[in-house]
Amino acid sequence: MGSAAKKPVYLVETPKELEREPLVANKRAPGWISDQIAAVIEGKTPRWWWIAFVISFLTAGMCFSMIGYLIVTGVGVWGLNQPVMWGWAIVNFVWWIGIGHAGTLISAILFLLRQKWRTSINRAAEAMTIFAVMCAGIFPAIHVGRIWFVWYPLPIPNANDIWPQFRSPLLWDVFAVSTYFTVSLLFWYMGLIPDLGTMRDRLRLQAEKIKEPFAKLINKVKQLLYGFFALGWTGSNRHWSNYEKAYLLLAGLSTPLVLSVHSIVSFDFAVSQLPGWHTTIFPPYFVAGAVFSGFGMVLTILIPMRKLCKMEEIITVRHIELMCKVTLATGSIVGYAYGMEFFIAWYGGSPYELYAFKNRAFGPYAWAYWIMVSCNVLTPQLFWFKKIRTNMVVVFILSIFVNIGMWFERFVIVVTSLHRDFMPSNWGYYSPTWVDILTYVGTMGFFMTLFLLFIRFLPLVAISEVKGVTPQADPHDKLGGAKDEGGTH
């Protein structure tokens, strides 16, 4: 008897009810992915971009005008009083640093955990991290009052016997935030290199079709710039090998920074002796809150961008749904931390600590506390429902509530712990001034100005990484490069 012909053997097919939605919808080809992502850069600047850019740029100008007014006039233009000597500046600093956490988490930790869904959102999240840290850095600098002495915390060679106070958590912030910004910038740039090479090569191909001299000159300048920053990238096997090693090393270096930076920011409060601040739960609580607010901001930005940039098939509903799940998990951790704070205040037996937390929930700032709880604890629980996670309008609205809630969390921590100290005769009510408000709103304009420039001149999505998670790139997939013994795909 002749041996029976061998049939091609594939992996056991997944039941339809257990199948996951693809990371790129509609089985799009690699070439289509490149064209779709590059179209945002290569096409004509859309009207919505110009409108958003002008508004953001003017708002950013207002921020720096307020900073100039502050320097000329002094911190008396803020609403600071006795005993609330930390106000909106520190609240906004911690809020912006928290927003900067999602980018490195998505890029570094999810990369090390081999989570392929990060590929469509990591580039925008990394850019958001860098811009958020830049906004955060504004506030400590101007909060010192005499801004010309801001160089004191820097570890520079000393000429006047003025050494930084290394026991101060404010100095630890300088080291932590500057290190985080530097590594995040390098990590973002490293991921951009293959795509910069792609943009350079696409411009070379387009140059042959351009007839106008001025358009040819612009094309040549763009080629030179993309080529310069691509560092001679050719896509060779050696380049890919070196790139993947460097990316892995930077991911490993970034991971502890995600945990350390906001832990050190929390030490600004936790190492003090003030009731409401002096608690060991702050470092993990701040880190969870930072990831929570960071993912909230990623959702707030990417949901409109995927529509405006026509990337619904690359940044899919599955990506949004997974980010909603992370937001739900971290929001639940934050809610648990709120409960534990009250429990420890009661269990610790300190009447001052217990009063500080009762004052938060039922004192003059109770309205801020319950806005915080509603937005941070109740809002994320709606993400248990798939219908809500897959409704883009609802997710967008809920993500805004998350951002509002996390701002109020920082406000509650800073202000309600300060406004009633050990001397009742010293108690006061803190309110921001118009300078506080306009400076904060201006930083949002600064952030959006940078982000709009980013999406106009650099790929919003990592082209090479998205291609790597498509079925066509998998040699063991039916649509991929491997062939069975019968010669069919």
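It should be emphasised that the depicted structure is a prediction, and the values quoted were computed from it without experimental measurement.

### Let's talk about the overall build of the protein chain
And then number 1: Looking only at helices and strands, the protein chain features 16 helices and zero strands.
And then number 2: The C-alpha extent of the protein chain, read off along each of the three principal axes, is 100 × 65 × 45 Å.
And then number 3: For the protein chain, the residues scored as buried account for 49% of the 489 residues in total.
And then number 4: In the protein chain, of all internal contacts separated by at least 6 residues, the share reaching a separation of at least 24 is 81%.
And then number 5: For the protein chain, the computed accessible surface area is about 24300 Å², with 68% contributed by carbon and sulfur atoms.
And then number 6: Taking the average place of the 40 positive charges on the side chains of the protein chain and the average place of its 28 negative ones, the gap between the two points comes to 5 Å.

### Notes on the confidence of the model for the protein chain
And then number 1: Per-residue pLDDT for the protein chain averages 84, and the proportion of residues at 70 or more is 91%.
And then number 2: Across the protein chain, element-level confidence peaks in helix H15 (residues 434–457) with a mean pLDDT of 92 and bottoms out in helix H4 (residues 101–112) with 82.
And then number 3: Considering only residues more than four positions removed or in separate chains, one finds that residues 482–489, a stretch of pLDDT under 50, has 13 contacts.

### Describing the side chain of Thr-330
And then number 1: Of note, Thr-330 is situated in helix H10 (residues 317–347).
And then number 2: Thr-330 sits in the buried class, given a relative accessible area of 10%.
And then number 3: Here Thr-327 takes part through its backbone oxygen, which lies 3.3 Å from a polar atom of the side chain of Thr-330.
And then number 4: Beyond its immediate chain neighbours, meaning those up to four positions away, Thr-330 contacts Ala-288, Val-291 and Phe-292.

### With respect to the packing of aromatic side chains
And then number 1: With the rule as written, the count across this model stands at 48 aromatic pairs.
And then number 2: With a centroid separation of 5.9 Å and 45° between ring planes, the pair formed by Phe-269 and Phe-286 is classed as tilted. Note that Phe-269 is positioned in helix H8 (residues 237–270) and Phe-286 in helix H9 (residues 282–308), a separation of 17 residues in sequence.
And then number 3: What makes Phe-269 buried here is its relative accessible area of 1%.
And then number 4: A cation sits over an aromatic face here: Arg-28 above Trp-32, 4.4 Å from the ring centre.

### Focus on the packing of helix H1 (residues 30–42) against helix H6 (residues 169–207)
And then number 1: Where H1 contacts H6, the axes come no closer than 12 Å and their chain directions differ by 75°. As judged from the angle between their axes, H1 and H6 are roughly perpendicular. Mapping the contact onto sequence places Ser-34, Asp-35, Ala-38, Ile-41 and Glu-42 in H1 and Met-199, Arg-202 and Gln-206 in H6.
And then number 2: Residue composition of the contact of H1 with H6, grouped by class: three nonpolar, two polar and three charged.

### Structural notes on the side chain of Asn-359
And then number 1: Within the secondary structure layout, Asn-359 lies in helix H11 (residues 351–362).
And then number 2: At a separation of 3.0 Å, a polar atom in the side chain of Asn-359 contacts the side chain of His-419.
And then number 3: Setting aside residues no more than four positions away along its own chain, Asn-359 makes contact with Pro-364, Thr-416, His-419 and Arg-420.

### Let's talk about the pattern of salt bridges
Note that side chains of opposite charge can pair when their charged atoms are close.
And then number 1: Inspection of every chain in the model, using the stated rule, returns twelve salt bridges.
And then number 2: Here Arg-202 ties to Asp-35 by a salt bridge, and the two come within 2.9 Å at their closest N and O atoms. Taken together, the residues span a long stretch of sequence, with Arg-202 in helix H6 and Asp-35 in helix H1 at a distance of 167 residues.
And then number 3: Residues Arg-202 and Glu-42 are paired through a salt bridge, measuring 2.7 Å at the closest nitrogen-oxygen approach. Here Glu-42 lies in helix H1 and Arg-202 lies in helix H6, a separation of 160 residues in the sequence.
And then number 4: Judged by relative accessible area, Arg-202 falls into the buried class, the value being 17%.
And then number 5: One network of salt bridges, with partners in common, ties together Asp-35, Glu-42 and Arg-202.

### Overview of the environment of Thr-59
And then number 1: Relative to the assigned elements, Thr-59 resides in helix H2 (residues 47–73).
And then number 2: Between the C-alpha atoms of Thr-59 and Met-448, which are 389 residues apart in sequence, the distance is 9.4 Å.
And then number 3: If we ignore the near neighbours within four places in the chain, the residues touching Thr-59 are Val-441, Gly-442 and Gly-445.

### Considering the state of the cysteines
And then number 1: With the rule as written, the count across this model stands at zero disulfides.
And then number 2: Not part of a disulfide, Cys-63 finds its nearest cysteine sulfur in Cys-135, a span of 7.6 Å.
And then number 3: A disulfide-free cysteine, Cys-324 has its sulfur positioned 16 Å from the sulfur of Cys-375, the nearest such atom.

### Some remarks on H8
And then number 1: The terminal C-alpha atoms of H8, which comprises 34 residues, lie 49 Å apart, in line with the 50 Å expected from a rise of 1.5 Å per residue.
And then number 2: Along H8, the sharpest kink reaches roughly 30°, centred on Leu-257.

### Observations concerning a nonpolar patch on the surface
And then number 1: A cluster of nonpolar side chains, Ile-71, Val-144, Trp-148, Phe-149, Val-150, Trp-151, Tyr-152 and Leu-154, forms an exposed patch at the surface whose accessible area comes to about 670 Å².
And then number 2: For Ile-71, the location among the structural elements is in helix H2.

How each quantity is defined
- Residues numbered from 1 in each chain as written.
- Predicted model: local features only at pLDDT ≥ 70, side-chain atom pairs only at ≥ 80, totals over all residues.
- Heavy atoms only, no water.
- Helix = DSSP H or I, 4+ residues; strand = E, 2+ residues; numbered from the N terminus.
- Buried < 20%, exposed > 50% of the residue type's maximum accessible area, 1.4 Å probe, protein only.
- Contact = heavy atoms within 4.5 Å.
- Areas by Shrake-Rupley, 256 points an atom, 1.4 Å probe, with all protein chains shown as cover.
- Lys, Arg positive; Asp, Glu negative; His and termini not counted.
- Charge placed at Lys NZ, Arg CZ, Asp CG, Glu CD.
- pLDDT = per-residue confidence, 0-100.
- Polar contact = N/O pair within 3.5 Å; in protein donor to acceptor, adjacent residues only side chain to side chain.
- Phe/Tyr/Trp six-rings, centres within 6.5 Å; stacked < 30°, edge-to-face > 60°.
- Lys NZ or Arg CZ within 6 Å of the ring centre and 35° of its normal.
- Axes fitted to C-alpha atoms, helices over the stretch in contact; angles between N-to-C directions.
- Parallel < 35°, antiparallel > 145°, perpendicular 65-115°, else oblique.
- Nonpolar A, V, L, I, M, F, W, Y, C, P; charged D, E, K, R; others polar.
- Salt bridge = Lys/Arg side-chain N within 4 Å of Asp/Glu carboxyl O.
- Disulfide = S-S within 2.5 Å.
- Expected span 1.5 Å × (residues − 1).
- Bend = angle between axes of the 7 residues up to and from the residue.
- Patch = residues over 30% accessible without salt bridge, like charges linked within 9 Å, V, L, I, M, F, W, Y side chains within 5 Å.

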